[in-house]
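These are the residues of each chain, in order.
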Amino acid sequence: MKNLKYYLAAALLGPASYGFAQSSSDALRFSRTQIGGTARTLGIGGASSAVGADFGGILTNPAGLGLFQRSEISFSPGFGASNISTQAFGTSSSDSRNFLQIGSLGIAFSGRRPDGDNPTPWRGGTFAFGLNRINDLNQNLRYSATPPLDQDIFERLNNVPTSQLTILDDLAYEALLTERDDEGAYIPADYDATGQLTQRETIQRSGGQTQFDFGYANSYQDKLYVGGAIGIVSTRYNVVSTLTATDPAAPSSAPGTAFANLSLRENIQTRGTGINARLGVIYRPNDVLRLGASVQSPTYSQLVETYSASLDVAYDTPVTLPNGGTFSSGNANFPAEDLGYTLTSPFRATGGAAFILGKYGFVSADAEYVNYGQARLGYDDTDANSSGVDPSDLGPTNDAIKQQYQSTVNLRVGGELRLDIFRVRAGFAHYGDPYKNNSRLDRSQSFYTGGLGLRQKNFFLDVAGVYSSGNQVYTPYELANPQKTPAIDVEDKRFTTTLTAGFLF
C-alpha cells in the first residue's frame, strides 16, 4: 500500500464534503402519481373528471363537488401487495412486500337550495376537505448475480479522477479498500487480482405521497358546475439498501488476493410538503351527457433528504502496511446529514366525458396530459442544509430531466352498473411512458380495476381492487463508461384493495 498512513486515516479523514445530490429520477419519482381516491373512484379506473358526487373525484376535477345532493363523510382504508421480479446480469430474482394504508378520508358539506327556490340561478354549493393517497412507493427488490469484471463494484471504485470523488469513494478509502494519489482513487493490485465477484443487493422502499385537499364547487342552473381546490402534498419516503460483494475464491486458490467481501449500507429518508391548485368545470347539456375539464398547477414542494451510509470490508489474509503493520478488516461511516431541496412538478390538464344511462349506471372516460420534462429541481438555502455543503449547480440535472423525459397522455375509462341498491364497477387506465428513449424497455403503467357497492338511504359501502403492472430500470452505481453502467430490469406487479364506508347527513 503506497504512501498511506492507514492508522491515521479513519481518525483524521472525515467524509468528504462532495455532498449527496439530487438526480432526474428524484424528479420523476415524486411527479408521477397513480390512481387514488375512494373505492368508487378506484373501481371505475379513476375516470371521474365528468362523474362527480364522490370525494375521490376532487383529485382530477373539483367541479364534481357541485353534484353532491347531500352532505357525507367517508373513510377508505386499504391493503396492498407488491411483487417484484428483477433481471440482473442474466440472473432472475424476486421479492414481495405487503402494506396497509389510508386511501382516502373526506367530508363534504352540501348546501343545496330547494328546487322551488329560484332567487338565484346558483343552485347550491359544496365545501369538502380531506385526504387522498396519490402515490404509493412501497417496494422490496433484490438481485443476486455475478457481474462481468468491467461492471462490478470494483470497476466503480477503480481509477476515479480526483474531480469525481463521491461519498462512496471516501468510504472505500477510509475502509482501507482503495488508495489515492494526485490523479485520484484506485484499488491496489493485491485486491484487484480477484476474479468475478458474487454481488447481491436488497432494497427496501416504503412510504408515499398523500394530498390534503380543500375544495368548493357550485351549480349554475344544474347545467354548469364550477369548482376549485387547494392541495397540500405530504411526502414521506424511506430507502434502505444493502449491497454486498464477495470473492468466492479461497485464498489458496487465488494467491496474492487479499479481498474477501464488502458490505455497503445506505439509508435515505425524504420528508417534505408541497402545494398545488386545481380549477375545473363540468357541463351537462342534457340528462345523458356530462363533459368535464380541469387544470392543475405545478406542485411546488420543499423536501429534506437525510442520508447516511456505512461500508465494511474484510480480507482473506492480513494485509501488510508499509511500516510493517497488518490489518484484516476496515470500516467507515458517513453520519446522517440533511440536504434541503425544492421540486416543481409538472402542470396537468384533464378532459373527460360521462354518459349517464338513466337508472342503469354510467360510462366515463378521461384523458390527462402531463409533461414530465417540465419538472425542475432547486436547492433550498434554508437551515435544512445542515451538512454545510455548498450545493453544486443543478442546471445539468434539470437539463437531464428535459432530455430524458417527455409528455404523455394518461387514459382512464370505467363504468358503473346499478342493480337496485347494488353497484358493479369496472375500469382500466394506461399511463404513458415518461421516457423519451423507450426502445429498450416500455415503462408505461397499466391499471385494471373492479369494484362492488351497496347504497342505502343514509349509508354506503364500496370495495375496489386495483391490479397494476409496470417496468422500471434500477442503476446501482454509475461507471465511467455509460455503456457499461449496470441496468437492472424491474417488473412491478401489485394488487391493492380498498374499502370505503360512508354516511350521508
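Residues numbered from 1 in each chain as written. Predicted model: local features only at pLDDT ≥ 70, side-chain atom pairs only at ≥ 80, totals over all residues. Heavy atoms only, no water.

A. Spotlight on unusual backbone geometry. You will see that Q221, though not glycine, has its phi angle at about 55°, which is positive. Considering the arrangement of structural elements, one finds Q221 in the loop between β8 (198-220) and β9 (224-246). Here Q221 falls in the partly exposed class, since its relative accessible area comes to 46%. With a phi close to 55°, D222 is a non-glycine residue in the positive phi region. Along the chain, the position of D222 falls in the loop between β8 and β9. (Helix = DSSP H or I, 4+ residues; strand = E, 2+ residues; numbered from the N terminus. Buried < 20%, exposed > 50% of the residue type's maximum accessible area, 1.4 Å probe, protein only.)

B. Region of the structure containing the environment of G361. Position of G361 among the secondary structure elements: in strand β15 (residues 361-371). Judged by relative accessible area, G361 falls into the buried class, the value being 0%. Separated by 57 residues in sequence, G361 and R418 place their C-alpha atoms 5.1 Å apart. Dropping the residues within four chain positions of it, G361 is found in contact with F355, I356, E416 and R418. (Contact = heavy atoms within 4.5 Å.)

C. Region of interest: the sheet that holds strand β7 (residues 184-186). Strand order in the open sheet formed by 3 strands is β5-β7-β6, with antiparallel pairing between adjacent strands. Of all the strands in the sheet, just β5 (160-161) and β6 (179-181) have a single pairing partner and so form its edges. By the bridge criterion, 2 bridges tie β5 to β7 in an arrangement that is antiparallel. Residue pairing across strands places V160 opposite A185, the latter belonging to β7. (Pairing = 2+ DSSP bridges.)

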